[in-house]
Amino acid sequence: EHELRGKVVWVTGASSGIGEELAYQLSKIGALLAISARREDELERVKNKCLQISNLGEKDILVLRLDLTDRSSHEAATNSVLKHFGKIDVLVNNGGRSQRSLFVDTNLDVYSAIIELNYLGTISLTKHVLNHMIQRRRGKIVTVSSVMGIMGAPLASGYCASKHALQGFFNSLRTELTDYPDISIINICPGPVQSKIIQNVFTENLAKSIENSGDQSHKMPTDRCVRLTLVSTANDLKEAWISDHPYLAVCYLWQYAPTWAWWLMNRMGKRRIQNFKSGVDADASYSRKKK
């Protein structure tokens with residue numbers, strides 16, 4: 001609370017899920033907010049709730065419609081935030097979409113769209129905000145990656161690729177900023193979280209949406225994920241894995257015992273595909289006993 005109160009925080013993907021919950025928790029802390037997404041009406045809804053649950057005033061929350069795939073608009077969007085608040089202390093790169101489809105069934109234009117949104121859109125916006133932070137010689141760039149940026153998993157090959165790309169990019173960018181010790185590059189890697197991301201996933205073609213998102217109750221609550229994200233941000237952690245088991249255990253295996261991780265993921269992956277094909281959530285508990 002002490003670290004983030006009064007700071008200007010720009011959150012992308014703020015109309016639902018993790019981004020929406022970030023707006024609520026940051027408003028309670030007393031951070032000044034710029035919230036962005038494509039759906040301006042949903043952003044207004046989020047803003048109104050922030051005003052209800054916090055001591056912020058109308059001018060303390062800027063609603064800014066943003067399409068991450070429209071890279072030509074990112075400079076103007078950044079200037080709008082700077083014009084309103086005079087600075088950007090924290091950028092939270094949260095916008096993006098997941099995927100639920102097998103590679104053999106998926107059109108290549110889906111992979112192009114995933115990279116355009118999750119990766120290129122994110123680094124484009126970061127470039128404009130970073131220029132401002134370099135001038136001030138301070139700031140935090142927080143990117144919501146995923147445990148999928150650490151491991152691989154079936155049904156999400158394009159999503160995994162985009163998150164691996166983000167991990168590689170920001171880990172490299174951090175090494176380019178050694179002359180700016182007060183600019184923090186923070187990668188947040190959540191596991192499965194109770195959010196609406198599944199309802200908006202890419203499937204095997206761009207025109208198709210997922211038919212059944214399934215029960216999400218077995219996943220980490222969104223408010224806990226966000227709380228841990230803010231703790232990680234306040235403490236300048238370079239990377240934070242935020243997940244329940246067994247997903248967190250697999251992250252450690254992938255890092256320290258990859259041969260075991262590949263063996264285990266083959267077994268878990270088969271169950272994941274079975275879950276998906278049977279119409280339940282792909283990440284349904286692997287340890288749940290059959291009734």
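Position labels on residues start from 1 in each chain and follow its written sequence. With pLDDT at 70 or above as the cut-off, local features in this predicted model cover only qualifying residues; side-chain atom pairs require 80 or more to be listed or tallied, and sums for whole chains, interfaces and linings still use all residues. Hydrogens and water molecules were not included; the side-chain quantities draw on all heavy atoms of the structure.

*Asks:* Would you mind going over the overall build of the protein chain in detail, with residue names and values included?
*Replies:* What counts as a helix is a DSSP run of H or I of at least four residues, what counts as a strand is a run of E of at least two, and both are numbered from the N terminus. When its secondary structure is counted, the protein chain shows eight helices and seven strands. Here the globule rule reads 2.2 Å times residues to the power 0.38, and the radius of gyration is calculated from C-alpha atoms. On C-alpha atoms alone, the protein chain measures out to a radius of gyration of 19 Å, which is about the 19 Å that the 2.2 N^0.38 rule sets for 291 residues. Taken over the C-alpha atoms alone, the protein chain extends approximately 55 × 40 × 35 Å along its principal axes. Burial here depends on accessible area, computed with a 1.4 Å probe over protein chains only, as a share of the maximum for the residue type. Under 20% is buried, over 50% is exposed, and the range in between is partly exposed. Here the protein chain holds 291 residues, and 51% of them are scored as buried. We call two residues in contact when some of their heavy atoms are within 4.5 Å. Considering only contacts in the protein chain between residues 6 or more positions apart, those separated by 24 or more positions represent 72%. Throughout, the Shrake-Rupley method with a 1.4 Å probe supplies accessible areas, and for residues the shown protein chains are the sole cover considered. Carbon and sulfur atoms make up 50% of the accessible area of the protein chain, which amounts to about 14,000 Å² in all.

*Asks:* Account for the pairing of strand β2 (residues 32-37), naming residues and giving values.
*Replies:* In terms of residue burial, β2 counts as a mostly covered element, since five of its six residues are buried. Strands were regarded as paired on the criterion that DSSP finds at least two bridges between them. In this sheet, β2 lies alongside strand β1 (residues 8-12) in parallel orientation, the contact comprising five bridges. Bridging from a neighbouring strand, Trp10 pairs with Ala34 of β2. Inspection of the sheet shows β2 paired to strand β3 (residues 61-65) by five bridges, in the parallel sense. Counterpart to Ala34 in the pairing with β3 is Leu62. As a crossover connection, the stretch from β2 through helix α2 (residues 40-53) into β3 is right-handed. Looking down the strands as they point away from the viewer, one classifies a crossover as right-handed if the path from the first strand across the helix to the second runs clockwise.

*Asks:* Any chance you could break down the sheet that holds strand β6 (residues 183-190) for me, citing the residues and the numbers?
*Replies:* With respect to topology, seven strands assemble into an open sheet ordered β3-β2-β1-β4-β5-β6-β7, the strand pairing being parallel. Two strands close off the open sheet at either side, each with one partner strand: β3 and β7 (239-242). Across the sheet, the mean angle from the axis of one strand to that of its neighbour is 15 degrees, orientation sign disregarded. With four bridges joining them, strand β4 (residues 90-93) and strand β5 (residues 139-144) adopt parallel strand pairing. Directly across from Val90, in β5, lies its bridge partner Lys140. To get an axis, a line is fitted to the C-alpha atoms, and for a helix only the part in contact is used. The angle between two axes follows their N-to-C directions and goes from 0 to 180 degrees.

*Asks:* Tell me about the packing of helix α7 (residues 247-256) against helix α8 (residues 258-277), residues and numbers included.
*Replies:* Orientation of α7 relative to α8, taken along the N-to-C sense of each, is 140 degrees, at an axis distance of 6 Å. In terms of orientation, α7 lies oblique with respect to α8. Note on element contacts: α8 touches α7 through Pro258, Trp260, Ala261, Trp262, Leu264, Met265 and Met268, opposite Val250, Leu253, Trp254 and Tyr256. Each residue belonging to the contact of α7 with α8 can be placed in one class, and the counts come to 11 nonpolar, no polar and no charged. To sort the angles, those under 35 degrees are grouped as roughly parallel, those over 145 as roughly antiparallel, those from 65 to 115 as roughly perpendicular, and the leftovers as oblique. Just so you know the grouping, Ala, Val, Leu, Ile, Met, Phe, Trp, Tyr, Cys and Pro go in nonpolar, Asp, Glu, Lys and Arg go in charged, and all remaining residues, Gly too, go in polar.

*Asks:* Could you give me a rundown of the pairing of β4, with the residues and numbers involved?
*Replies:* Burial along β4 is two-sided: the residues Val90 and Val92 and Leu91 and Asn93 are all buried. This β-α-β element, β4 to helix α4 (residues 108-136) to β5, shows right-handed connectivity.

*Asks:* Could you give an account of a nonpolar patch on the surface, naming the residues involved and the relevant values?
*Replies:* The patches described consist of residues with a relative accessible area above 30% and no salt bridge, like charges being joined within 9 Å and nonpolar side chains (Val, Leu, Ile, Met, Phe, Trp, Tyr) within 5 Å. For this analysis, a salt bridge means a side-chain nitrogen from Lys or Arg found within 4 Å of a carboxyl oxygen belonging to Asp or Glu. On the surface, Phe103, Val104 and Leu108 cluster together into a nonpolar patch covering about 380 Å² of accessible area. Using a relative accessible area of 72% as the deciding quantity, one classes Val104 as exposed.

*Asks:* Which residues make up the environment of Leu130, and what values go with them?
*Replies:* Topologically, Leu130 is positioned in helix α4. Look at Leu130 and you get buried, because its relative accessible area is 9%. Once the C-alpha coordinates of Leu130 and Lys238 are considered, the two residues, 108 residues apart in sequence, prove to be 17 Å apart. The residues touching Leu130, leaving out its near neighbours within four places in the chain, are Ile141, Leu173, Leu177 and Ile183.

*Asks:* Explain the nonpolar core to me, and be specific about the residues and the numbers.
*Replies:* Each nonpolar core is a collection of buried residues, namely Ala, Val, Leu, Ile, Met, Phe, Trp, Tyr and Cys, held together in the definition by side-chain atoms within 4.5 Å. Grouped together as the largest cluster of nonpolar side chains are 33 residues, with contacts concentrated most on Val9, Leu22, Leu26, Leu33, Ile35 and Val92. In terms of residue count, helix α1 (residues 17-29) provides more of this core than any other element does, six residues in total. Apart from residues no more than four positions distant in its own chain, Leu33 is found in contact with Val9, Ala23, Leu26, Ser27, Cys50, Asp60, Ile61, Leu62 and Phe85. Judged by nonpolar contacts, the second largest core, of 29 residues, contains Val8, Leu64, Tyr119 and Phe202.

*Asks:* Residues and numbers for α2, please.
*Replies:* Take the number of residues in a helix, subtract one, and multiply by 1.5 Å to get its expected span. Here α2 spans 20 Å end to end across 14 residues, near enough to the 20 Å set by a 1.5 Å rise per residue. Where α2 is concerned, the buried positions are Leu43, Val46, Lys47 and Cys50. Around the axis of α2, the buried residues are gathered within 100 degrees of arc, so they sit on the same side. Opposite the buried face of α2, at more than 90 degrees from it, the exposed residues are Asp41 and Gln52. Tucked into the core, α2 has its buried residues touching α1, β2 and β3. Summarising the geometry, the arc corresponds to the directions from the helix axis toward the C-beta atoms.

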